[in-house]
Amino acid sequence: MLGKLANHDETIVALATAPGVGAIAVIRLSGKEAIDITNKVFPAKDLHQQKGYTLHFGGLVHPHTKAIIDEVVVSLYKGPRSYTGEDTTEISCHGSPYIQQQIIDACILAGARMAKPGEFTQRAFLNGKLDLTQAESVADLIASNSAASHQTAMQQMRGGFSRELHQLRDELIKFSALIELELDFSQEDVAFADRTQLYELVTQANKNVQHLIDSFRMGNVIKNGVNTAIVGKPNAGKSTLLNTLLNENRAIVSEIAGTTRDTIEEVLNIEGILFRLIDTAGIRESNDTIESIGVQKSLEKMRNAGVVIYLFDANELTVEELETQVAQFQAENINYILVANKIDVQGEVALRNKFSAYPGIIYISAKNHDHIQQVKDQLVAEVMGGTINTEDTIVTNARHYAALKEVLRSLEDVRNGMDNQLPGDLLALDIRHCLHYLGEITGEVTNEDRLDWIFSKFCIGK
Ligand code: GDP
């Protein structure tokens, strides 16, 4: 099945570096004829005679006219010891778009065809160089825009996630084989598969899979950032706090995915996590945000936020007002941080006494930049939820998430089946369901449409 999908006979070519002007650009060829084709445009030496993992300098020429296009360095990788597992060459040329195009055209004239998006990685997958979660993490790695998203993508590419899944799959396969063996001996009424052991395995697996599912929220945060709202009464100091935070932690434009320069929002990068500040225009334009947009709208805004910073002038706000506000947050299930501002006026000790019923409050002076770090630490802690850290395997992919939910469901079926003394053949069926969904994640169970869809999300040249 996979061979048909691959079109392995064809040699593919694409620009591997970002399009546009650069100091150098890299054009990559992969396939059975990669070396033949490169020889036709790079006459300096016969690459068939060279060892893999070597570099070769020389002129790159038009395959027919032999007119020289550029001076280049060719890196040679001989299959299977290459990214795709096939013979691969990488031509480093000067980075003008004109030269890049000329060289790609020359390679096509010499027998290559343009690669489809993700086709290099698809070949790596089909040649067993990567499993599907690793291949997908390559896409995430390319798109990663903060330290944390880079770290999770890297962790996945190295196979941490797949290792966990493979282990579970192997154990389940063992049990289903034993149970099926029992069925062959059903007359004799023997039990090969140790039910207690299976029950423990399923219970443990259940916990692990649940943890992975929970990590999806975190994964999403790492990939996309977390919507953050600063709310409070007029004059509480919202714009002052906003400016202080932005001065210290404004994310640089290139860190922010999915935004163009025109629609740029204010984004903070705190410890590698992106906090997208929503409605900062509202904070800046009017001095009474909540009043002017109406309570309804601000509630809506808060519901859309992953975390809300409720900022108040600790000298002005009464304890009753705070109580009402907190009750509202709780009723609406809003994730909030309480921040008491302007401690420079009455002093922190007096204000702490006033609000002693709320030990979680952070006391700051936005104007004097006092204790701003505590606000940042609390933001990070809210998002991390205390249960998951970035060293763990984190699910960032919606496809994996959906499949993991199915895995969990079938694990629960297995467990319920055992609780209800279900016969072996029905148990085996539930285990097989579970195996199916596990395999879907790592690519052991797959179909062509799905593969095409996954790899089409890559950029060309990868
Ligand atoms: P907003 O309406 O919530 O955006 O509040 P602003 O940021 O515009 O601040 C309202 C007023 O409070 C301004 O005059 C600020 O200078 C002042 N302010 C903000 N933070 C502090 C603070 O920590 N201490 C003191 N004393 N004044 C502050």
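Residues numbered from 1 in each chain as written. Predicted model: local features only at pLDDT ≥ 70, side-chain atom pairs only at ≥ 80, totals over all residues. Heavy atoms only, no water.

As named in an unreviewed UniProt entry, the chain is tRNA modification GTPase MnmE, taken from Chitinophaga skermanii. Turning to the chain, the UniProt record has this under Subcellular location (unreviewed entry): "Cytoplasm". Quoted verbatim from the Sequence similarities (unreviewed entry) field of UniProt, the annotation for the chain is "Belongs to the TRAFAC class TrmE-Era-EngA-EngB-Septin-like GTPase superfamily. TrmE GTPase family." (UniProt positions renumbered as here; feature names shortened; annotations may be inferred.)

**Quick notes on the environment of Ser-96**
Relative to the helices and strands, Ser-96 is located in the loop between strand 5 (88-94) and helix 3 (97-109). For the pair formed by Ser-96 and Gly-20, sequence separation is 76 residues and the distance between their alpha carbons is 7.0 Å. A polar contact is formed between the side chain of Ser-96 and the backbone nitrogen of Ile-99, at a distance of 3.0 Å. (Helix = DSSP H or I, 4+ residues; strand = E, 2+ residues; numbered from the N terminus. Polar contact = N/O pair within 3.5 Å; in protein donor to acceptor, adjacent residues only side chain to side chain.)

**Things to note about the side chain of Asp-430**
With respect to the helices and strands, the residue Asp-430 is situated in helix 17 (residues 424-442). With no salt bridge to any partner, buried Asp-430 finds its closest opposite charge in Arg-409, at an N-O distance of 8.0 Å. Non-local contacts of Asp-430, meaning those with residues more than four positions away in its chain, are made with Ser-410, Asp-413, Val-414 and Leu-422. (Buried < 20%, exposed > 50% of the residue type's maximum accessible area, 1.4 Å probe, protein only. Lys, Arg positive; Asp, Glu negative; His and termini not counted. Salt bridge = Lys/Arg side-chain N within 4 Å of Asp/Glu carboxyl O. Contact = heavy atoms within 4.5 Å.)

**Things to note about the sheet that holds strand 5**
Reading across the sheet, the six strands line up as 3-4-5-2-1-6 and stay open at both edges, with mixed pairing between neighbours. Of all the strands in the sheet, the pair left with one neighbour each is strand 3 (54-61) and strand 6 (113-114). Sitting on the sheet, helix 4 (residues 119-126) is in contact with strand 1 (12-15), strand 2 (24-30) and strand 6, with an inclination near 135° to strand 1. (Pairing = 2+ DSSP bridges. Axes fitted to C-alpha atoms, helices over the stretch in contact; angles between N-to-C directions.)

**Observations concerning helix 9 (residues 238-249)**
Given a rise of 1.5 Å per residue, 12 residues ought to cover 16 Å, and the 16 Å separating the end C-alpha atoms of helix 9 matches this to within 8%. Three or more residues of helix 9 are buried, namely Lys-238, Leu-241, Leu-242, Thr-244, Leu-245, Leu-246 and Asn-249. (Expected span 1.5 Å × (residues − 1).)

**Some remarks on the UniProt feature "binding site: (6S)-5-formyl-5,6,7,8-tetrahydrofolate" (unreviewed entry) in the chain**
What UniProt calls "binding site: (6S)-5-formyl-5,6,7,8-tetrahydrofolate" (unreviewed entry) maps, in this numbering, to Arg-28, Glu-90, Lys-129 and Lys-462. With respect to the helices, strands and loops of the structure, Glu-90 is situated in strand 5. For Glu-90, the side chain forms a polar contact with the side chain of Arg-28, separated by 3.3 Å.

**A look at the sheet that holds strand 8 (residues 266-270)**
Read from one edge to the other, the open sheet built from six strands follows the order 8-9-7-10-11-12, with strand pairing classed as mixed. Each edge of the open sheet carries a strand with a single partner, namely strand 8 and strand 12 (362-363). Of the pairings in the sheet, the one linking strand 7 (residues 226-231) to strand 9 (residues 273-277) comprises three bridges and is parallel in character. Residue Thr-228 lies in a different strand from strand 9, and its bridge partner there is Leu-277. On the sheet, helix 9 packs against strand 7, strand 8, strand 9 and strand 10 (307-313) and is oriented at approximately 55° with respect to strand 8.

**Brief notes about the environment of Gln-50**
Following the sequence through the fold, Gln-50 ends up in the loop between helix 2 (34-41) and strand 3. A sequence separation of 27 residues divides Gln-50 from Tyr-77, and the C-alpha atoms of the two residues are 9.9 Å apart. If near-sequence neighbours (up to four positions away) are discounted, Gln-50 is found in contact with Lys-45, His-56, Leu-76 and Lys-78.

**Some remarks on the packing of aromatic side chains**
The full count for this structure, using the stated rule, is five aromatic pairs. Centre to centre, the rings of Tyr-53 and Tyr-77 are 6.0 Å apart; their planes meet at 85°, and the pair counts as edge-to-face. Here Tyr-77 lies in strand 4 (residues 68-77) and Tyr-53 lies in the loop between helix 2 and strand 3, a separation of 24 residues in the sequence. Ring geometry for Phe-329 against Tyr-336: centres 5.1 Å apart, planes inclined by 20°, an arrangement best described as stacked. (Phe/Tyr/Trp six-rings, centres within 6.5 Å; stacked < 30°, edge-to-face > 60°.)

**Notes on the UniProt feature "binding site: K(+)" (unreviewed entry) in the chain**
The UniProt entry lists Asn-235, Ser-254, Ile-256 and Thr-259 under the feature "binding site: K(+)" (unreviewed entry), expressed in the numbering used here. Take Asn-235: it is sitting in the loop between strand 7 and helix 9. A relative accessible area of 52% places Asn-235 in the exposed class.

**With respect to the pattern of salt bridges**
Scanning the entire structure with this criterion turns up 11 salt bridges. Between Glu-119 and Arg-113 there is a salt bridge whose closest N-O contact spans 2.7 Å. Arg-113 gets classed as partly exposed once you look at its relative accessible area, which sits at 22%. Among the salt bridges present, the one from Glu-406 reaches Arg-409, with a minimum N-O distance of 2.7 Å. You can see Glu-406 and its partner Arg-409 sitting in helix 16 (residues 398-419), three residues apart, about one turn around the helix. Here Arg-409 falls in the partly exposed class, since its relative accessible area comes to 46%. Where salt bridges share partners, they join Glu-10, Glu-86, Arg-113, Glu-119 and Arg-123 into one cluster.

**Observations concerning the pairing of strand 2**
Burial analysis of strand 2 places six of its seven residues in the buried class, the great majority of the element. Pairing geometry for strand 1 and strand 2, over four bridges, is antiparallel. When the bridges of strand 2 are listed, Leu-15 appears paired with Ile-27. Strand direction decides the pairing type here: strand 2 and strand 5, joined by seven bridges, are antiparallel.

**What to know about the nonpolar core**
Judged by nonpolar contacts, the single largest core of 27 residues is most densely connected at Leu-165, Leu-172, Leu-198, Val-209, Leu-404, Leu-411 and Ile-431. Within the residue set of this core, elements represented by two or more residues are helix 7 (160-184), helix 8 (195-224), helix 16 and helix 17. Ignoring anything within four residues of it in the chain, the contact list for Leu-165 reads Leu-212, Leu-404, Leu-438, Ile-441 and Thr-442. (Core = buried A, V, L, I, M, F, W, Y, C linked by side-chain atoms within 4.5 Å.)

**Points about unusual backbone geometry**
Between Gly-79 and the following residue, Pro-80, the backbone shows a cis peptide bond with an omega angle of 0°. Within the secondary structure, Pro-80 sits in the loop between strand 4 and strand 5. With phi around 60°, Asn-333 is a residue other than glycine that occupies positive phi space. For Gln-421, which is not a glycine, the phi torsion comes out positive at approximately 55°. Tracing the backbone shows Gln-421 in the loop between helix 16 and helix 17.

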